[in-house]
Amino acid sequence: GSYLVIRKRFQDSNDGRGYGTITIQQAFEKSSNIIASILYNAYRKDPQKFIDKLDQFGLTESLGIDLEGELAPKYYRPGQLQWSPYSIPSMAIGYEYQQTPIHTCAFYNAVANNGKFVRPLFVKEIRRAGKVIKSFDPVVIREQICSPATLRIMKSCLEGVMSRGTGAKLTSSQHK
């Protein structure tokens, strides 16, 4: 339920009691902060590889939607003054990395869409007096965010959140 990275203790939100021995998928489903130690151990010797993965997934740049005030994700890179040995584990559990909810939705959509990352589209067409004056087509930001094998794992983890994890008590209005 808790672990030490250099001199900083990270712990699960269930008062650090932990969950016992669990799989990575179970850690994802339960939103266990043990994920931070897994990513830290995997990337601590080459933190740029961690950022490269975020780049590959499309999580480091703005979506480019035509919406005034769209914010790009905010994060630090190795070599920047704000980067520290705690950056990877912190980013892994939602700190030192910020993105808008629409960016999160677009990423989840890419997972559901077999890896195709599409720019959110708010308007399909503009009509005047029943005639289409302008239409908007979907724009693909990335054709493939990761390998098919990684996509299968990601889908399984996200489905597990809804069936066995922190989202299990949520229901769609269609199912009420």
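The structure we're discussing is the one just above.
Everything quoted here is computed from the prediction, not taken from an experiment.

The rules behind the values
Residues numbered from 1 in each chain as written. Predicted model: local features only at pLDDT ≥ 70, side-chain atom pairs only at ≥ 80, totals over all residues. Heavy atoms only, no water. Phe/Tyr/Trp six-rings, centres within 6.5 Å; stacked < 30°, edge-to-face > 60°. Helix = DSSP H or I, 4+ residues; strand = E, 2+ residues; numbered from the N terminus. Buried < 20%, exposed > 50% of the residue type's maximum accessible area, 1.4 Å probe, protein only. Lys NZ or Arg CZ within 6 Å of the ring centre and 35° of its normal. Polar contact = N/O pair within 3.5 Å; in protein donor to acceptor, adjacent residues only side chain to side chain. Salt bridge = Lys/Arg side-chain N within 4 Å of Asp/Glu carboxyl O. Pairing = 2+ DSSP bridges.

(A) Highlighting the packing of aromatic side chains. Counted under the stated rule, the structure contains five aromatic pairs. An angle of 40° between the planes, with centres 6.2 Å apart, marks the rings of Y75 and Y97 as tilted. Highlighted residues: Y75 in strand β3 (residues 74-75) and Y97 in strand β4 (residues 97-98), separated in sequence by 22 residues. For Y75, a relative accessible area of 15% corresponds to the buried category. Given the relative accessible area of 16%, Y97 is considered buried. The rings of F57, F107 and Y108 are connected pair by pair, giving a single aromatic cluster. When the ring centre of Y86 is taken as origin, the NZ or CZ atom of K8, which lies over that ring, is 5.7 Å away.

(B) Geometry of the environment of Q80. In this structure, Q80 sits in the loop between β3 and α4 (87-92). Assessed through its relative accessible area of 37%, Q80 is described here as partly exposed. At a separation of 2.6 Å, a polar atom in the side chain of Q80 contacts the main-chain amide nitrogen of R77.

(C) Representation of the pattern of salt bridges in the model. One pass over the structure, following the stated rule, counts five salt bridges. Residue K116 pairs with E143 through a salt bridge whose shortest N-O separation is 3.4 Å. Pair noted here: K116 is in the loop between α5 (101-112) and β5 (117-118) and E143 is in the loop between β8 (140-142) and α6 (148-163), with a separation of 27 residues, a long-range link.

(D) Just the pairing of strand β1 (residues 2-5), in detail. Burial along β1 is one-sided: Y3 and V5 are buried, and none of S2 and L4, which face the opposite way, are. The pairing of β1 with strand β2 (residues 8-11) spans four bridges and is classified as antiparallel. By the bridge assignment for β2, S2 is matched with Q11. Linking β1 to β2, which pair antiparallel, is a turn of two residues; within it I6 sits at a positive phi near 55°.

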